[in-house]
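Topology and contacts: notes
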Amino acid sequence: MTRIMMTGVVISCLFLFSGCATIMSHGPQTLHILSQPDGATCEITDVTESKSIVKAKTPHTTTLERGNGYFQKKHFDITFSKDGYVTEKVSITPELNPWYIGNIIFGGILGILVVDPLTGSMWTFYEKDYNVKLYPDTPEGQAARKADEMARAAEAKAKEDAQREKQAFPK
């Protein structure tokens, strides 16, 4: 009888002292940094600490922390540069990990308030590949870059408008 009770206590502690996001996606997250063309220098800067953490050639695989302390997330900038091409910069920030919500059912209050916020596992990068197109530093390259930016902006606005319409007129 004592053995059964002890097993029950151990299993209960495992659930109470764990966090769903920490169990399912623990530690730093691996991301793939790519560029078109390959061979660009990518410099990853930790914006929250104002320091460069990685400088490498693309393609590059890196591992980044998601949390920056209790309930705080990290912010990064990736700068791509290559001779003869326009320098590009991408900002990346993790978002709320859906496994964090699992604490409501499985992880308990300790997972919600302590474990996942302290480990940074409550955050995740949804994109695993960051692929940036570099444009030649010529008038034609600048024009192509501008045209692509305008097309992306129009696409984003169309998605936003569709989402807004969907919310305004649900089926």
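Preceding block: the structure.
Residues numbered from 1 in each chain as written. Predicted model: local features only at pLDDT ≥ 70, side-chain atom pairs only at ≥ 80, totals over all residues. Heavy atoms only, no water.

What tends to happen in soluble globular proteins is that the nonpolar side chains get buried as a cluster. Core analysis: the biggest nonpolar cluster contains 16 residues, and Ile 33, Ile 44, Leu 64, Ile 78, Phe 80, Ile 92 and Phe 125 have the highest contact counts within it. Looking at this core, the elements that each hand over two or more residues are β1 (29–36), β2 (41–46), β3 (51–57), β5 (76–81) and β9 (129–133). Here this core takes three residues from β5, the largest share from any one element. Beyond its immediate chain neighbours, meaning those up to four positions away, Phe 80 contacts Ile 33, Leu 34, Ser 35, Thr 41, Cys 42, Thr 58, Val 86, Thr 87, Glu 88, Val 90, Val 132 and Leu 134. (Core = buried A, V, L, I, M, F, W, Y, C linked by side-chain atoms within 4.5 Å. Buried < 20%, exposed > 50% of the residue type's maximum accessible area, 1.4 Å probe, protein only. Helix = DSSP H or I, 4+ residues; strand = E, 2+ residues; numbered from the N terminus. Contact = heavy atoms within 4.5 Å.)

All chains considered together, the criterion is met by two aromatic pairs. A ring pair is formed by Tyr 70 and Phe 71, whose centres lie 4.7 Å apart and whose planes are at 80°; its orientation type is edge-to-face. Judged by relative accessible area, Tyr 70 falls into the partly exposed class, the value being 42%. (Phe/Tyr/Trp six-rings, centres within 6.5 Å; stacked < 30°, edge-to-face > 60°.)

Where charged atoms from two side chains of opposite charge approach closely, those side chains can pair. Tallied over the entire structure, the rule returns 12 salt bridges. Taking the shortest distance from any N to any O, the salt bridge between Asp 77 and Lys 89 comes out at 3.6 Å. In this pair, Asp 77 is assigned in strand β5 and Lys 89 in strand β6 (residues 88–92), connecting sequence segments 12 residues apart. On the accessibility criterion, Asp 77 (15% relative accessible area) is buried. (Salt bridge = Lys/Arg side-chain N within 4 Å of Asp/Glu carboxyl O.)

This paragraph deals with the sheet that holds β9. Reading across from one edge, β4-β1-β9 is the order of the three strands in this open sheet, with mixed pairing throughout. In this open sheet, the two edge strands, each paired with only one partner strand, are β4 (60–64) and β9. Each strand of the sheet is rotated relative to its neighbour by a mean of 25°, with strand direction disregarded. Inspection of the sheet shows β1 paired to β4 by five bridges, in the antiparallel sense. Residue pairing in the sheet places Leu 31 in a bridge with Thr 62 of β4. (Pairing = 2+ DSSP bridges. Axes fitted to C-alpha atoms, helices over the stretch in contact; angles between N-to-C directions.)

Let us look at the sheet that holds β2. Spatially, the four strands line up as an open sheet ordered β3-β2-β5-β6, and their pairing is antiparallel. The outermost strands of the open sheet, each flanked by one partner alone, are β3 and β6. Each neighbouring strand pair of the sheet contributes to a mean axis angle of 20°, computed without reference to strand direction. Pairing of β2 with β5 involves six bridges; the strand directions are antiparallel. Residue pairing across strands places Ile 44 opposite Ile 78, the latter belonging to β5.

No statement about biological role is implied by the geometric values presented.
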